[in-house]
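# Geometric and topological summary
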Amino acid sequence: MEENKNKEQNINTEEIKKETVETVNQVKETIKNVNIKNDAKEATGFVSSMFKDPFGTLKQIVNDNTNKYLKTAIIFVIVWMVAILISKLFSVSISSFSVKIAFSKVSSIIKAVIAPLVGVVVFSGIVYFMNKENKKSITTILTAVVTAKIPVIVASIVSLLTIIDSKISLITSPFASLCNVISIVLIYFATKTIFGEEQNSKFFKKFVKIEAIYYVVYIVVSLLGIYMK
């Protein structure tokens, strides 16, 4: 019995390694083929269809085996990270200079910029590990999670208006909170679709577990100064 358990663990380890390598290769290959000008138009159209029929769009992504939406997801992540980078650069004050201060500020900016990517990867990883019955590729899960985060990405872009005038935060802050709520609803539906669970009563407990694990990781990662989105 113990031998079978060890075999199962070895198979799982090999499966995870294979899945991770395939995902990294797919992302690398997709990034090479990204054409910002042309693909940005496609991404804009995708946002429009997402807001018209969010649940239908997420269902398409989860049930798609060709990874045709991966490129769009990568563009959204890039836009998200750039928006945070711009926001951080404008919030940095240069009242005094030293190598130590400069390193600290650069490190802070880098951590803030990679935070969304870390958050998406961590959440997707948790979903992948917990979803044992209706297995989906990590690429599919990543794409679905990023798509569910579109409202938060839009809020990050809108928040750049505070660079012009800080008083605009009176509008952008509540808007960001609203977008965050919408995103949580979309994340719930995307995860529910990934698990292939029809009944909310059954899936809700699983979702709470996923969120609980995510926030445990959040606490650990935040000790490194990375606050996942």
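Residues numbered from 1 in each chain as written. Predicted model: local features only at pLDDT ≥ 70, side-chain atom pairs only at ≥ 80, totals over all residues. Heavy atoms only, no water.

A few words now on the pattern of salt bridges. One pass over the structure, following the stated rule, counts one salt bridge. Measuring nitrogen to oxygen at the nearest pair gives 3.7 Å for the salt bridge that ties Lys 206 to Glu 197. On the basis of relative accessible area, Lys 206 is assigned to the partly exposed category, the value being 29%. Classification of Glu 197 by relative accessible area gives buried; the value is 18%. (Salt bridge = Lys/Arg side-chain N within 4 Å of Asp/Glu carboxyl O. Buried < 20%, exposed > 50% of the residue type's maximum accessible area, 1.4 Å probe, protein only.)

We now examine the nonpolar core. Within the largest apolar cluster, 48 residues are counted, with the highest numbers of intra-cluster contacts made by Phe 76, Phe 123 and Val 127. Looking at this core element by element, the count peaks at ten residues for helix α5 (residues 99-130). The contact partners of Phe 76, leaving out residues within four places of it in the chain, are Ala 43, Phe 46, Val 47, Val 146, Ile 150 and Ile 153. (Core = buried A, V, L, I, M, F, W, Y, C linked by side-chain atoms within 4.5 Å. Helix = DSSP H or I, 4+ residues; strand = E, 2+ residues; numbered from the N terminus. Contact = heavy atoms within 4.5 Å.)

In this section: the layout of surface pockets. There is about 530 Å³ of room inside the largest pocket. Breaking the lining of the largest pocket down by element, the ones donating at least two residues are α4 (70-91), α5, α7 (150-158) and α8 (169-195). Here the lining of the largest pocket is composed, by residue class, of nine nonpolar, nine polar and four charged. Lining of the second largest pocket is provided by 20 residues; of these, Val 27, Ile 74, Leu 117, Val 121 and Leu 142 occupy positions nearest its centre. Every element with two or more residues in the lining of the second largest pocket is listed here: α1 (2-32), α4, α5 and α6 (138-148). (1 Å grid on protein atoms, 1.4 Å probe; cavity = no way out; pocket = protein on both sides within 12 Å on 5 of 7 lines; lining within 4 Å. Points joined across faces, edges and corners; volume = space filled by probe spheres on them. Nonpolar A, V, L, I, M, F, W, Y, C, P; charged D, E, K, R; others polar.)

That's the geometry; what it means functionally is another story.
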